[in-house]
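Geometric and topological summary
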Amino acid sequence: MKLLNATALAAVLALVAVAPAVARQAPLDSYCATLSARDHFNSNGQRLTTTAAIIRQDRANYHKFRRRDPGDQGDSFFSLQANRARLEALIADGSSDPGVLRRIVNGEPRICVDIWDNYVNVTVD
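Anyway, here's the lowdown on the structure attached to this text.

Conventions adopted
- Residues numbered from 1 in each chain as written.
- Predicted model: local features only at pLDDT ≥ 70, side-chain atom pairs only at ≥ 80, totals over all residues.
- Heavy atoms only, no water.
- Phe/Tyr/Trp six-rings, centres within 6.5 Å; stacked < 30°, edge-to-face > 60°.
- Helix = DSSP H or I, 4+ residues; strand = E, 2+ residues; numbered from the N terminus.
- Buried < 20%, exposed > 50% of the residue type's maximum accessible area, 1.4 Å probe, protein only.
- Lys NZ or Arg CZ within 6 Å of the ring centre and 35° of its normal.
- Expected span 1.5 Å × (residues − 1).
- Contact = heavy atoms within 4.5 Å.

Considerations on the packing of aromatic side chains
Across all of its chains, the model carries 3 aromatic pairs by this definition. Taking 6.4 Å as the distance between ring centres and 85° as the angle between the ring planes, the aromatic pair formed by Tyr31 and Phe78 counts as edge-to-face. Residue Tyr31 is located in strand S1 (residues 29-34), and its partner Phe78 is located in the loop between helix H2 (51-63) and helix H3 (81-85); the two are separated by 47 residues in the primary sequence. For the pair formed by Tyr31 and Phe78, the shared burial category is buried. Residues Trp116 and Tyr119 carry aromatic rings whose centres are separated by 5.8 Å and whose planes lie at 15° to one another, so their mutual orientation is stacked. Here Trp116 falls in the buried class, since its relative accessible area comes to 17%. Of the aromatic side chains, those joined through ring pairs into one cluster are Tyr31, Phe77 and Phe78. Across from the ring centre of Tyr31, 3.9 Å away, lies the NZ or CZ of Arg59, which sits over that ring. Stacked on the ring of Tyr62, the Lys or Arg Arg68 has its end atom at 3.8 Å from the ring centre.

A word on H2
Taking 1.5 Å per residue, 13 residues should reach 18 Å; H2 reaches 18 Å between its end C-alpha atoms and fits that length. Burial of H2 is extensive: 11 of the 13 residues sit out of reach of the surface. Looking at the buried residues of H2, the elements they touch are S1, H3, helix H4 (87-92), helix H5 (98-106), strand S2 (110-115) and strand S3 (120-124).

So, in structure tokens, the structure goes:
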């Protein structure tokens, strides 16, 4: 009987050890937004030329300046300036399609962003 209890305990401990790796099946946050012309320019009127800069400006427009496009959704993650500052690294560490990233720089698409612990994935809606 003690052997069965030790085996059962070992199995439970093994599951507990694996649980954190399996637990996160969903992103921290997700949102969709339209990247309009105003999202393609910074506060000084300079044209933004990278995906990260454009999405960062969109989130600053949404959270800080309250300049929102119709259909823009909120998120809690990018409400913090420090998280917006991490956007370039988060995009680089994600697996967004390069074609999607080019469409953001060259157009005004509606995007959806999934935010994970250490990366983001961007798709065109």
